[in-house]
Amino acid sequence: MKKIGVMTSGGDCAGLNAAIRAITLRACDLGMQVLGFREGSVGLLNRDYVNLTPKKTSYDFLMRGGSVLGCISKGNPFQYPIEDGAQIDVTAEIIASYEALGLDVIISIGGDGSFSIMHSLMKKFDMNVIGVPKTIDNDLSCTDYAIGYSSSAQVISDCIDKLQTTAESHQRVIVVQAMGRDAGHLALAGGIAGGADIILIPEIPYSMDVVASHLKKVFRSQKKFAILVVSEAIKRMDGSSVIVMDEINNRHRYDGSAAYVASLIEQHTGLETRPVVLGHLQRGGGPNAFDRILASQLGVYAVDLAAQGNYGQVVVFQDNKVTHVPMEKTINTYNHVDVYGQLVHTARGLGICLGDA
Ligand code: F6P
């Protein structure tokens, strides 16, 4: 009987539990055993797991947000944080757990960071891994969609629906800050879905003169209010990143792009402007139907790969089909928005200003 370990790594998103459910249902149907590790690789390290069965992963997993297994962003076993603030390599302990538990493969539901770690573990030890992509940022290469992205774009769209009415009532400009890390996929999709007037993404350098003149045009028309969506990773006019220091995790994170752009708009146009940071609303709550279906498809396919002993792969969604690619292909290049791609073309076709001339 094959033994599969499952973990959710990195930031959470909607659809993780739907993927856990699909993996469990398929694996148990094929006579495999499934161990769900709590808090990603930390669970494997500490041999902290739950036996997943169809009974334990009922239909409510489809609709439940977050991860029942927990997620952790700082469990890198090559640089594992210990109490005095130092970082140590615990990969030997990880592989010892993998072997002691008699695992045949780990299915990692993660993004590029998790897959880089898994790939390094695979190279260093005799460990089998299969990846299932999840990220609201949709920045993983080789897959058209990752679990969580669509639900997150839905949150942005729903929030813009609400912001349109208050912007209209007060004749204001509202600047909505979207997540997405270094890629603008989420801002672009959410902005198009919500009917934004302007969308600024890190892949397209913007000019405040262009933004200001578009806003004046919007306010001269019948519509005397406007919605901007800005990616968290857009740069300031001087080229610097809009970041804050996360003291607890000792790293920088993006924050402040909406406030920055809102203050520039007021200076350039005199229009009353408010920034809105959507933040972790974009990661919270349950998945929409698209993510439930995607998570189910990717989860079942991942188990089929495990059954065939086809390891070292990431399950991907390409051209409306589920397939797989070697893990290193997904981590070697970052998936930015294609500035000549269809979604950018669609935005321009709708008259949405992207901040460039
Ligand atoms: O990668 C997902 C993501 O939500 C990014 O869009 C965002 O920049 C980051 O994680 C936020 O991370 P944290 O939850 O650690 O603040």
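Note: the structure precedes this text.
Scoring rules and cut-offs
Residues numbered from 1 in each chain as written. Predicted model: local features only at pLDDT ≥ 70, side-chain atom pairs only at ≥ 80, totals over all residues. Heavy atoms only, no water. Near = heavy atom within 4 Å. Polar contact = N/O pair within 3.5 Å; in protein donor to acceptor, adjacent residues only side chain to side chain. Areas by Shrake-Rupley, 256 points an atom, 1.4 Å probe, with all protein chains shown as cover. Pairing = 2+ DSSP bridges. Helix = DSSP H or I, 4+ residues; strand = E, 2+ residues; numbered from the N terminus. Axes fitted to C-alpha atoms, helices over the stretch in contact; angles between N-to-C directions. Contact = heavy atoms within 4.5 Å.

Trainee: Quick question: what am I supposed to make of the site of the ligand here?
Mentor: For the ligand, the full set of nearby residues is I136, D137, M179, G180, R181, E232, R251, H280 and R283. The contact in question runs from an oxygen atom of the ligand to an N or O atom on the side chain of D137, over 2.6 Å. R283 is positioned such that a nitrogen or oxygen atom in its side chain is 2.8 Å from an oxygen atom of the ligand. In the complex, 76% of the free accessible area of the ligand, which totals 400 Å², lies under the protein chains.

Trainee: Hey, could you run me through the sheet that holds strand β9 (residues 198–200) in this one?
Mentor: Sheets are built from strands paired through backbone hydrogen bonds, the pairs being either parallel or antiparallel. Taken in spatial order, the four strands line up as β9-β10-β8-β13 in an open sheet, and their pairing is parallel. Among the strands making up the open sheet, the edge pair consists of β9 and β13 (273–277). Neighbour-to-neighbour, the strand axes of this sheet turn through a mean angle of 20°, independent of strand direction. When strand β8 (residues 173–178) meets β13, the two strands line up parallel, connected through five bridges. Directly across from I174, in β13, lies its bridge partner R274. In the packing of helix α8 (residues 208–220) onto the sheet, contacts are made with β8, β9 and β10 (226–231), and the angle to β10 comes to roughly 155°.

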